[in-house]
Amino acid sequence: MLRHALLALVAFMLPVAASAQVEIDITRGRTDPMPIAIPDYLSSTDADLGESVAEVIRNDLTNSGLLAPISEDAFIEELVNINVTPRFADWRVIGARVLLAGEVMDLGDGRVQINTRLWDVVGNQQVGSVAYKTPRENWRRAAHKVSDFVYSQLTGEDGYFDSRIVYVSETGPKTDRTKRLTIMDQDGYNPQTLTGGLNYDVLTPRFSPNEQQITYLAFFEDRPAKVYLFDIETGVQREVGEFPGMTFAPRFTPNGDKLLVSFALNGNSDVAYLDPISGKLDRLTSNPAIDVSPSMSPDGRYITFASDRGGSQQVYVMNADGSQQRRITFGEGTYGTPVWSPRGDLIAFTRQHKGRFYIGVVAPDGSGERLLAESYLVEGPTWSPNGRVLAFHREEYPGGPVRLFAVDLTGQNLRRIPTPTEASDPAWSPRLD
Amino acid sequence: MKFNVLGTTGILASVALLAACATTEEEVIEVVEEPVIEEPAMSKLEMAQMELEENVGHRVFFGYDQYNLTPEAQATLRRQAAFLMMPENADLRIRIEGNCDERGTREYNLALGERRAEAAKAFLVGLGVEPTRISTVSYGKERPIDPRSTPEAWAKNRNATTRIVGDTEAMI
């Protein structure tokens, strides 16, 4: 679809302050969200769109837990031209720390240009500015780009708002569930069913690094489950390789060349590479225990996986060639679905202990385990592209609905990601280009 | 199919009853004899499945996070093996479906369900059932037979279920 061609970053410059005075430390455990004023975007031709753009940005930044948009009712100054320095005192007095001023220009050819300036109203200076040209129908992505801009300006790190989540939509009673592959924007908008549900179910989807493919498990009644690939651009899906037995728990390697999978044959599950082109399977473990859920470190040097070789299921790490397999978790209960952070510094997991499930993180050397979420069932963590947020699915009480949730790496800001049906197995896309 | 027939009859009967209740004396209700619905003859495979479920036992159960066969499971599988090795059943093929309760991750439970199905298969093969007659599949925790979240439901959902899927002649 060449998504990146749709959004053009355009030059939009005022003299920019050399260094921002206003900063958010996102590593702190508890911090009050920074008050931000986000008036509706100005537009001489399309006020509704200006309002919608601002609303998307407010929602993104609220969900980040780092910023708190101030009610528009409190605003004193009415912006009429975003290229004029605002009256900082008017914004300070209502408690704002920063002001996001923007406008939507109709370019007359079906495209709009969305201009944004971020002001530090305490330091009396512009923090930065950004502008995008995009087909009008693509305005929502441009708004997410602006949210990413604000996030990176204020935190010094990349944002994650211009990204998508693929997940499994679940309908029907528990004994006869229909599970379909569904994709949506990270804020829950534009859900689209991709596949599944007719005579097969899908589980555990994961994005390729270029976001153009999804690998997942297709689950038929009468034969072992198999790893599949779905091409987002063409809508074509295909089984990868032909083997007796079951292939499952697929994940792309960071460069996208190969899949890491589990395969089960004759009662034994091991971890292997699976070449998506040739369908060739390259075994990495050969242990009589259950070895599942492989995930590679972003530098391509290590693989984490889960194994019950020590009696209970725990998280292990090995070299990319399968050598030096070592256990890294030693807590009570069981540990599964390890997934390496895109930053490389942490491994997220699902832990089960005394009838409760937990989402947690641990360093690759096994140190610093922290639990971030707990419920009757929480499972299958997936990292935001910047490695600061984890999404997962949750069943809050026995028999309750299965929903998508997200929590910050700090353990704060647990929130639901809205979906039209019950939902599980979220997988966050890389940041879109 | 059998249940559908019964269900239809039941609905007809209750409609007639309702109609009767709503009737006043002036109205005359003519009782119409219900058409006799013939049950379609069961195929050989359906007969075999019924025999398996009602007399042999088509399901064996496992402990939490276990795939070893309990004495009860072994007894059921012995009956299954004897059933499958009867001369008149020699052409039947089966699928063993491995299932897990909800207390585990999806991916681990897929592996565990496969182990359960393979454990049951290996036992049948050990008793002389041709391995080519047995296929296995794991449904992990995705196909619970009891939707509740109770110890009783979990115990039911940790199973290996045997189904008649065809006869070897049909395969040729």
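Residues numbered from 1 in each chain as written. Chains lettered and ligands numbered in written order. Predicted model: local features only at pLDDT ≥ 70, side-chain atom pairs only at ≥ 80, totals over all residues. Heavy atoms only, no water.

The name given to chain B in an unreviewed UniProt entry is Peptidoglycan-associated lipoprotein, and the organism recorded there is Parvularcula lutaonensis. Heading Subcellular location (unreviewed entry) of the UniProt record for chain B holds this comment: "Cell outer membrane". UniProt, in its Sequence similarities (unreviewed entry) section for chain B, records the words "Belongs to the Pal lipoprotein family." (UniProt positions renumbered as here; feature names shortened; annotations may be inferred.)

The name that an unreviewed UniProt entry assigns to chain A is Tol-Pal system protein TolB, with the source organism given as Parvularcula lutaonensis. We quote the UniProt Subcellular location (unreviewed entry) comment for chain A here in full: "Periplasm". In its Sequence similarities (unreviewed entry) section, the UniProt entry covering chain A states "Belongs to the TolB family."

Moving on: the interface of chain B and chain A. Contacts between the two partners involve 28 residues from chain B and, on the opposite side, 44 residues from chain A. Around 2900 Å² of area is buried between chain B and chain A when both sides are counted, 53% of it from carbon and sulfur atoms. Viewed at the interface, chain A and chain B are joined by eight salt bridges. Residue B:Glu142 pairs with A:Lys179 through a salt bridge whose shortest N-O separation is 2.9 Å. (Contact = heavy atoms within 4.5 Å. Buried area = accessible area lost by both parts, 1.4 Å probe. Salt bridge = Lys/Arg side-chain N within 4 Å of Asp/Glu carboxyl O.)

Let us look at unusual backbone geometry. Of note in the backbone geometry, A:Lys354 takes a positive phi value of approximately 50° without being a glycine. Here A:Lys354 lies in the loop between strand S23 (347-353) and strand S24 (356-362). Classification of A:Lys354 as exposed rests on a relative accessible area of 74%. The backbone phi angle of B:Asp65 is positive, close to 60°, even though this residue is not glycine. With respect to the helices and strands, B:Asp65 occurs in the loop between strand S1 (59-61) and helix H3 (71-84). (Helix = DSSP H or I, 4+ residues; strand = E, 2+ residues; numbered from the N terminus. Buried < 20%, exposed > 50% of the residue type's maximum accessible area, 1.4 Å probe, protein only.)

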